[in-house]
Structure formats: C-alpha cells, structure tokens
Amino acid sequence: MTMVLPQVDLPGGVPPPAERRAVGAKVKFALRYFIQLLRTHPAYAAGYIIIAVVTVVAVMAPLIAPFSPITADPSVYLQPPSLSHLFGTDATGMDVFSRVIFAPRIDLAIAMMGTLISAVIGTSIGAWVGYFQETRGLRSFLSNVVMRAADVLQAFPVFVFAIALVAVFGQSISSVVFAIAFVNIPIYLRLMRSQVLGIRRMRYVEAAYVCGMSDLFIIRRHIIPNAMAPVLAQLSVNIGWSVLLTAGLSFVGAGVRAPAPEWGSMIAMGFPNVMTGQWWPSVFPGLALALTVYGFALIGASIEFMADPRRRRTLANVRVPFAAVGE
Amino acid sequence: MGIARYVGGRLLFLVPQIIGIILVGFLLIKAVPGDPATLMLGPMATPESIAKLRGELGLDKPIPVQFFIYIDKLVHGDFGTSWQTTQPVLEDLKIRFPATLELVTYGLLTALLIGIPLGIVSAMRQRGFLGRLGDFYGLVAGALPDFWLALILIYVFYSLLSWVPSPIGRIDVMLVPPATITGFYTIDSLLEGDWTAFWSSVQHLILPVLTLGLINAGPILKMTQSTMERMLQADFCQYERLCGLPEELVMRHALRNSFPSVITIVSVLYGFLIGGAVLVEIVFSWGGAGQYAVQGVLNSDFNPVLGFVIFSALFSLVVYLIVDLIYLAIDPRIRH
C-alpha cells in the first residue's frame, strides 16, 4: 500500500515548555497517588519495605555478617540459635545467619537477571506476534509458528525442563539464569500478545498507520508503552517465582552448589537435621525465601492495582487534576 | 454425534503437538553432555566395548535417524530402558506415574476443600476480616516453597509430635504393597480388603497431601474469590436482589456461574502438578514419576526423562480435553 502523505511533525527532542510542565504535574500526581495507595493498603507498603530491606541487607552483607558465610568451624556444629550465632550453626559449623543474609546476593541476582532477560525477549516477540498475527502473508504465518512453538514449550513440566536445561549447559550460575529465562519466555510472549491484539484495533493505532508511520515506529511508540502495565505486574511476581525456582533447583542439587550461600541448598543441607529435631539450619533460610517471594508478590499486586482504572477510582481521596487525565 | 466429532477433531489436533514435544525433548536430551554408553559400562570399560554398546543403542547414527528410530519404538510401546533401574521405562512408569497421580489427586482435593469455601466466604465479606484473610492466604500460599513447608510439617508432626510414621515412601517398609490394580495404594488395598496396608498408606499420604493442599489452595482461592466477586456484581445477581430473592439463592446462582473458571484453574494445576510436585516427592522419597525423571537428568539416564515428559504431556492434554467436555456439560451457552 503506497500513499503519498503529508509530512507529519513527530514529537521528539526537547519537549516544549508547556508539555514539560504537564509532565512535571503528571509525575507529581503519580507520586501523590502512589503514597495514597500505600497509605490505604499497608500490605502493599509492607511489600516494598520487605524488598528494600532484603536488597539493603544483601548489599551490606559483608558489613553485617558476624562470620564468613563459607567458612566452617567444626567445633561449633549444630549449635541452636544463641546470641553469638543468631540463627544457630549448621551441621558443618557454618553460621546460619551470615549465610542467610549473604544468600540473596546469589538468589536475587539469578532471579532478576533471568526474569529480565525473559521479559525483554518475550515481550519483543509477543509484540511482534500480536501485531502481525491478524494480517496476511509470511509474517502472519511466522507468528502462528511462534505461537505453536510456545504451546509445545509450555506443555513441558517446568521443573524437569529447567533441570534438563541446566544439565545441557553445565552446572553454573549462568546456566541457571539461562534456564529461568528460557522457561519464562512463553509467559511474557502470551501476555504481550494478548495485550497487543487488543491495542492494535484502537483508533490511535489506525490513525498512526494512516499517517504513514512504519510498523516498527507504531510498535515502539504506541503499542509497547500501552501494553506494559500487566507486564510490569507480572515481572514483579515472576521475580519472586524465579527465586523459588532457583532455590528448588539448588535444593535437588542442580543449581547453585554448596558451600555458596543459597537458600535452597541451605534448606537441603539442613534436611537430615530437621528429621532429628535441629530445625534451625533449614527453617531460617526458608523463612527468608518465603518472605522475599511474598514481598515481590505484594509489589506485583500493587502494580496490578495501579494499572486497573476501576480499582484506582476507589482511592477516592485523590483528586484527579484535569491536566493529568487528558492525553 | 456432535460430541464424538468434536473429540475426534481435538485428538487429531494433538498429534502434531505431541510430536513437537517429543522432538524438543529429544533434542534437549541429545544436547546434554555425557555419553550414556560410557556411564553404563563404568570407567574401566574398553573403547571396543563402548563402541559396541553405542552401536547397540544406535548412538553411532546421525541424530535425525536416531529420532526416527525412537519414534518408531514409541509407536510400538517401547520407551527404552533405564540403565539405573535396568527396567523398561514403561514398566517403571506404570508404577511411578500412579504414585504421583495418587499424591497429586488427593493434594488437589484437599486444596479444593480449603480454597473454595475460603474463596466464597471472602468474596461475600470483601471488607471484613475473612476477606482480608482470603487476600493474605492467596499471596502467602504462592510465596511458600513447597519443599520447605514439607520440612516444617515433618518437623512438627514427625520429629516433635510423632503423629505420623517416618516420612519415607508410600507405605511402611515392613508391609507388602497391595497388588497393582489402579496403582493407587489406598484404593488397591481397599479392594484387597487389606486394612493395615490401607491405614499405612493413608498415614504416609497425610503430610505430602497436606503440603500440596495448603500451597495449591492459594490459586484456587484467588480464582473462586475473584470470579464470585465478579458474579455478585453482574447484572443477573443485581436483578435477583432487586426482585427480593433471598441472598442465599443469589449466592447459589453466583456460585453455579463461577464453576467454569474454577474448573479451569483446577485443570491447569492438575497438569502442572504432575511435574510440579517433584520437590515434595523428593522430600518424602515418594518414588513418583517426577522424582524418577529428575534422577534421570542428574545421572544422564535419558529414556526415563523422555518417557516422563511424554506421559505428563499426554496427561495434561487429556485433562484439558475432559475439562472442555465438562464445559459443554455445564455451560449451555457453549453447547449451542
């Protein structure tokens, strides 16, 4: 389809002063609205606090930890929690507290890297597939092939699939990251595709098309920004879920190897002790793990709340400035 | 007639999907470093005997040929042999798959018993204590690592209280497992009238089933809650209220209309748990199919892995098919 269209001025570069003021007002409004959300829903605030604390503790771990996380002291094995060993010691005499606070360095890094990679790849492919699936020709055919491939990948049992991937690439941290990224891609692909299928029919997309914008420009400028909210909510929940998967892989011995401080392998190492009554080597890392995942789930729930206009309206105290509503 | 045609169409659609699954699984496993022949014969084997075994296993042929040989064997019901158990994979799976299925089925039933009532109640009292409890439970259940919860339950109910026998296996080691009829120990022992075996298998089921139930009640609760809330806001419920129908009746109609989405989440969970219960299986040394596959990957024993993947994919697909038939039965809009 070739049409000669008048050149349209594209917004770009430095926004004019009026627009910049509007942007400032929008940011201010969003911030006020966010604070209101946290005030009315303390659980969401708790989620942000949990993740902030876990992150800070992980970063500061070398300063906080009273003992080395990987040095065993056989003279103090399986000590119950006490003042010198807050969470006790494990069967080899390593300090459980020090290991628990060092662990998020590995667990969070793996989970965040894996999830980000899968989100970037998954949403890009998903946007492409959603944009072209209902057209005709080669690109539509390719889109359908991609969707069937996603069906096949999702029919695999996730955990066995992830272990097999780690086995293929050799047991290392980067293999775990890759395995997590790979099993998560179909989730983002589907999510983005369903969003894009809806947005594609919007008038403003048609208008942009009629104005002669390229497909790539429309996807970048109109489709992706409008489809991002559910992806962000999913991202947060998914990081938590990936922490669980990392821990699970390490629990069966297919992820991070001991003595590297990692929650899943710590739980596995403490397993025989739990049977005989020494609960602390397994319980504390599990608590930290559950709390972290819970924090990410809460953040995800809060993003979902913010992205839903109907529930947004329930925050009645926030006066919506007219300048911020339009667009 | 219409239904038979529908099912036939669906089954036809499954064939390419199954082949895709086998292909991906096969390629994945071929990509794993480690030569099965070397592993089977041990480090002392001579190069000649390794080459001979490779020839017998078909490992010296190109990958596409190996794939077609594998498919050809599959069609004849030959899933290969596991070198760890030295048994045909099909025989192993015949014992292990029902073990997983028994665990997962009871686990899901428990999850339904917890999730649906809590979901309904929290949808009725959105702002009250129970509503908040429902929200909280939904998020917490999703955050708990199942293998850790299993350990906690073992600690409390075995180490501290000694209410359950030692959490190893499906039945007391001193007892003879019942003859395989359905593969479910609880049902088989009842069919045989063996009460000790029945009681022992129930005792061994309690903790793993409770673990799976508590965790998977989360998504069921969330789904029940959100659908019920939507239904209670729907026009038909508002209208019934306006007409002065008793609240109980309105609730019952809302519940009836929430069933399809609850059934959907149950079917998704059912398919997922066949492989997803593997960590719980490992904690309780359950000897299920997931555990079998994980051990296979970790020891370069690949026939069990592929066998498991095919079994669980088939199972999920059958569950989805059954669910679609249930939709037909309960939703008159689809039938037309």
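Note that residues are indexed from 1 along each chain, following the sequence as it is written. A letter from A marks each chain and a number from 1 marks each ligand, given out in the order of writing. Local features in this predicted model are restricted to residues whose pLDDT is 70 or higher, and side-chain atom pairs enter the listing and the counts only when it is 80 or higher, whereas totals over whole chains, interfaces and linings include all residues.

**Digging into the nonpolar core**
(1) Moving on: Working definition: the nonpolar core is a set of buried Ala, Val, Leu, Ile, Met, Phe, Trp, Tyr and Cys residues, joined through C-beta atoms within 7 Å. Neighbour density around each residue's C-beta defines its exposure: 20 or more other C-beta atoms within 10 Å make it buried, 12 or fewer make it exposed, and counts between make it partly exposed, where C-beta atoms are placed from the backbone. Within the largest apolar cluster, 155 residues are counted, with the highest numbers of intra-cluster contacts made by V160(A), A162(A), I163(A), A164(A), I180(A), A150(B) and V305(B).
(2) Moving on: Helix and strand definitions here come from DSSP, where helices need a minimum of 4 consecutive H or I residues and strands a minimum of 2 consecutive E residues; each element is numbered from the N-terminal end. Among the elements that line this core, the one with the most residues is helix α3 (residues 96–132) of chain A, at 17 residues.
(3) Moving on: Throughout, a pair of residues is in contact if the C-beta atoms placed from their backbones lie within 7 Å. Excluding anything up to four places from it in sequence, I163(A) contacts L249(A), A254(A), V294(B) and V297(B).

**Some words on the confidence of the model for chain B**
(1) Moving on: Every residue carries a pLDDT, the predictor's confidence in it, which falls somewhere between 0 and 100. Of all residues in chain B, 99% have pLDDT values of 70 or greater, and the mean over the chain is 85.
(2) Moving on: Prediction confidence for the complex, expressed as pTM and ipTM, is 0.84 and 0.84 respectively.

**As for the packing of helix α2 (residues 42–64) of chain A against helix α10 (residues 280–307) of chain A**
Residues and elements named next belong to chain A.
(1) Moving on: Where α2 meets α10, the closest approach of the two axes is 8 Å, and the angle between their N-to-C directions is 130 degrees. Comparing their axes, α10 and α2 come out oblique. Crossing hand, α2 versus α10: left-handed. Where α2 approaches α10, its residues A43, Y44, A46, G47, Y48, I50, I51 and V54 are matched on the opposing element by L291, T292, Y294, G295, F296, L298, I299, A301 and S302.
(2) Moving on: Considering only residue class, the contact of α2 with α10 consists of 13 nonpolar, 4 polar and no charged. Lines fitted to C-alpha atoms define the axes, with helix axes restricted to the stretch in contact, and inter-axis angles between N-to-C directions lie between 0 and 180 degrees. Working rule for angles: under 35 degrees goes down as roughly parallel, over 145 as roughly antiparallel, 65 to 115 as roughly perpendicular, anything else as oblique. In a left-handed crossing the near helix is turned counterclockwise from the far helix by less than a right angle, and in a right-handed crossing that turn is clockwise. In the scheme used here, Gly and all other residues not listed as nonpolar or charged are polar, with Ala, Val, Leu, Ile, Met, Phe, Trp, Tyr, Cys and Pro taken as nonpolar and Asp, Glu, Lys and Arg as charged.

**Structural notes on unusual backbone geometry**
(1) Moving on: For L78(A), which is not glycine, the phi torsion reads 50 degrees and is therefore positive.
(2) Moving on: Here L78(A) shows up in the loop between α2 and α3.
(3) Moving on: Positive phi, normally seen in glycine, also occurs at S162(B), with a value near 50 degrees.
(4) Moving on: Checked against the element boundaries, S162(B) lands in the loop between α7 (146–160) and α8 (185–192).

**Things to note about the packing of helix α5 (residues 158–169) of chain A against helix α8 (residues 215–251) of chain A**
Residues and elements named next belong to chain A.
(1) Moving on: Where α5 contacts α8, the axes come no closer than 11 Å and their chain directions differ by 65 degrees. One way to sum up the angle between α5 and α8 is to call them roughly perpendicular. Crossing handedness for the pair α5 and α8: right-handed. From α5, F159, A162, I163 and V166 reach across to α8, where they touch L245, G248 and L249.

**Regarding the interface of chain B and chain A**
(1) Moving on: With 38 residues of chain B at the contact, the number on the chain A side is 37 residues.
(2) Moving on: Counting only elements with at least two residues in the side of chain B that touches chain A, the list comes to α1 (2–31), α6 (129–143), α7, α11 (247–276), α12 (278–283), α13 (289–298) and α14 (302–330) of chain B.
(3) Moving on: Looking at the side of chain B that touches chain A residue by residue, the classes come out as 29 nonpolar, 9 polar and no charged.

**Section: α1(B)**
(1) Moving on: By this rule, a helix spans an expected 1.5 Å times one less than how many residues it contains. In this model, α1(B) (30 residues) spans 44 Å end to end at C-alpha, consistent with the 44 Å of a helix rising 1.5 Å per residue.
(2) Moving on: Note that bend, as reported per residue, equals the angle between axes fitted to the 7 residues terminating at that residue and the 7 residues originating from it. By the largest-angle criterion, V15(B) marks the main kink of α1(B), which is about 25 degrees, and a proline, P16(B), follows within four residues.
(3) Moving on: Along α1(B), the positions that sit buried rather than exposed are I21(B), G25(B), L28(B) and I29(B).
(4) Moving on: Contacts from the buried residues of α1(B) go to α4 (138–154) and α5 of chain A together with α14 of chain B.

**Digging into helix α4 (residues 63–75) of chain B**
(1) Moving on: The terminal C-alpha atoms of α4(B) lie 18 Å apart, and with 13 residues this matches the ideal 18 Å at 1.5 Å per residue to within 8%.
(2) Moving on: Positioned one or two residues after α4(B), G77(B) has a phi angle of 80 degrees, which is positive.

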